[in-house]
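Examination of the molecular architecture
Next come the chains, spelled out residue by residue.
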Amino acid sequence: MKKVVAIDGPSGAGKSTVSKEIAKALGFQYLDTGALYRAVAYYFSIKFNYIDDFSLLTEQEIEEELKNIKIHYKNGRVFLSGEDVSDFIRDPKIGEITSQLSTQKVVRDFLMPLQRSFAEKVDIVAEGRDMTTVVFPDAWKKFYLDASPQVRAKRRFEQLIESGKKITFEEALRDVIERDKRDCSRENAPLRISKDAFYIDTSELTLQEVISIVLKKVAEDA
Ligand code: DC
């Protein structure tokens, strides 16, 4: 395994921007594992466009469908059977389906080898929910980025408004709390703070400050 900087944390903690910048600064490849989960969810959303509640599918049904899914990831873009779906997977509806499907062990097992294969040839910065705990437990460096639900909801609210989506702050907060509950309480690879991860509360920090802290920590222990 090559060098892995593993970064976990809840949605809205600033992981993506920070991870991309850290990868750039270190000359590592950036791996957004949420995008892989989202691509799976996108496939299911198209295939089963008549359902909202993916808990209606049995594990066997999900496993059967997974056999049809071919995902590739390159330079921060994700491809489903060769089609670049990177923009479609950002839809909040897909985020919701992703949160449901990612609780399933069959989905997590399906994506595990793909995630690990990235670290076979090149050094990477991998972000997600279980990078430090399950996928790369022996990562070179581990970080956990956090922020209060209010701060994360505010970030989500501003982001969605900016991209033209209609949402209230209360809805954004409800989504954040709901997502946290599901990510943290699921049986399979729940989001938790690894004992050996460096914890950063980003609530009162700018992105630049978070990036500096991470880079300093990486250089310190290198
Ligand atoms: O980081 P994100 O918002 O793109 O992630 C979308 C969903 O995918 C989120 O609800 C949790 C799930 N996810 C996961 O379970 N494990 C990962 N390693 C990455 C994402």
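Worth saying up front: this structure is predicted, and the values here are computed from it rather than measured.

Conventions we followed
- Residues numbered from 1 in each chain as written.
- Predicted model: local features only at pLDDT ≥ 70, side-chain atom pairs only at ≥ 80, totals over all residues.
- Heavy atoms only, no water.
- Pairing = 2+ DSSP bridges.
- Helix = DSSP H or I, 4+ residues; strand = E, 2+ residues; numbered from the N terminus.
- Axes fitted to C-alpha atoms, helices over the stretch in contact; angles between N-to-C directions.
- Contact = heavy atoms within 4.5 Å.
- Near = heavy atom within 4 Å.
- Polar contact = N/O pair within 3.5 Å; in protein donor to acceptor, adjacent residues only side chain to side chain.
- Nonpolar A, V, L, I, M, F, W, Y, C, P; charged D, E, K, R; others polar.
- Phe/Tyr/Trp six-rings, centres within 6.5 Å; stacked < 30°, edge-to-face > 60°.
- Lys NZ or Arg CZ within 6 Å of the ring centre and 35° of its normal.
- Core = buried A, V, L, I, M, F, W, Y, C linked by side-chain atoms within 4.5 Å.
- Buried < 20%, exposed > 50% of the residue type's maximum accessible area, 1.4 Å probe, protein only.
- UniProt positions renumbered as here; feature names shortened; annotations may be inferred.

On to the sheet that holds strand β1 (residues 4-8), then. With respect to topology, 5 strands assemble into an open sheet ordered β2-β6-β1-β7-β8, the strand pairing being parallel. Of all the strands in the sheet, just β2 (29-32) and β8 (198-201) have a single pairing partner and so form its edges. Within the sheet, the average angular offset between the axes of one strand and its neighbour, ignoring direction, is 20°. Judged from the 4 bridges that link them, β2 and strand β6 (residues 124-128) form a sheet pairing that is parallel. Counted as the bridge partner of aspartate 32 is glutamate 127 from β6. Seen against the sheet, helix α1 (residues 15-26) touches β1, β2, β6 and β7 (141-146) and runs at an angle of roughly 175° to β6.

Glancing now at the sheet that holds strand β5 (residues 83-84). With antiparallel pairing, 3 strands are arranged side by side in an open sheet as β3-β4-β5. Taken across any chain shown, the strands that pair with only one partner, and hence form the sheet edges, are β3 (71-74) and β5. Looking at chain direction, β3 and strand β4 (residues 77-80) are connected through 4 bridges and run antiparallel. Among the inter-strand pairings, lysine 74 is bridged to a residue of β4, identified as arginine 77. Across the sheet, helix α2 (residues 33-47) is in contact with β3 and β4; its angle to β4 comes to roughly 30°.

In the vicinity of the ligand there are 16 residues, among which Thr33, Arg38, Arg108, Arg129 and Arg186 approach most closely. Residue aspartate 130 places a side-chain N or O atom 3.0 Å away from a nitrogen atom belonging to the ligand. Listing elements by their share of the shell around the ligand, those giving two or more residues are α2, α4 (92-101) and α8 (169-185). By residue number, the principal contributor to the shell around the ligand is α2, which donates 4 residues. For the shell around the ligand, the per-class residue count stands at 2 nonpolar, 6 polar and 8 charged.

Another aspect to go through is the packing of aromatic side chains. Within the structure shown, the criterion is met by 8 aromatic pairs. Taken together, a centroid distance of 5.6 Å and an interplanar angle of 85° make the contact between tyrosine 73 and phenylalanine 118 edge-to-face. A residue pair is termed long-range when its members are at least 10 positions apart, and tyrosine 73 in strand β3 and phenylalanine 118 in helix α5 (residues 105-121) qualify at 45 residues. Every member of this aromatic cluster is reached through a ring pair, and the members are Tyr43, Phe44 and Phe48. Over the ring of tryptophan 140 we find lysine 3; its NZ or CZ atom is 4.7 Å from the centre of that ring. Across from the ring centre of tryptophan 140, 4.7 Å away, lies the NZ or CZ of lysine 141, which sits over that ring.

With 55 residues, the main nonpolar core has Phe44, Ile71, Val78 and Phe136 as its most contacted residues. Broken down by element, the residue count for this core peaks at 9 residues, all from α2. Look past the residues within four positions of valine 78 in its chain and what remains in contact with it is Ala35, Leu36, Ala39, Ile71, His72, Tyr73, Glu83, Asp84, Val85, Ser86 and Ile89. Among the nonpolar cores identified, the runner-up in size contains 6 residues, and Ala153, Leu160, Ile167 and Val176 belong to it.

Let us now look at the UniProt feature "binding site: ATP" (unreviewed entry) in the protein. According to UniProt, the "binding site: ATP" (unreviewed entry) feature falls on Gly9, Pro10, Ser11, Gly12, Ala13, Gly14, Lys15, Ser16 and Thr17. One can find proline 10 in the loop between β1 and α1. On the basis of relative accessibility, which here comes to 4%, the residue proline 10 falls in the buried class. Dropping the residues within four chain positions of it, proline 10 is found in contact with Lys15, Arg129, Tyr144, Leu145, Asp146, Arg152, Asp180 and Leu191. Positionally, serine 11 belongs in the loop between β1 and α1. Setting aside anything within four residues of it in sequence, one finds serine 11 in contact with Arg129, Arg152 and Arg179.

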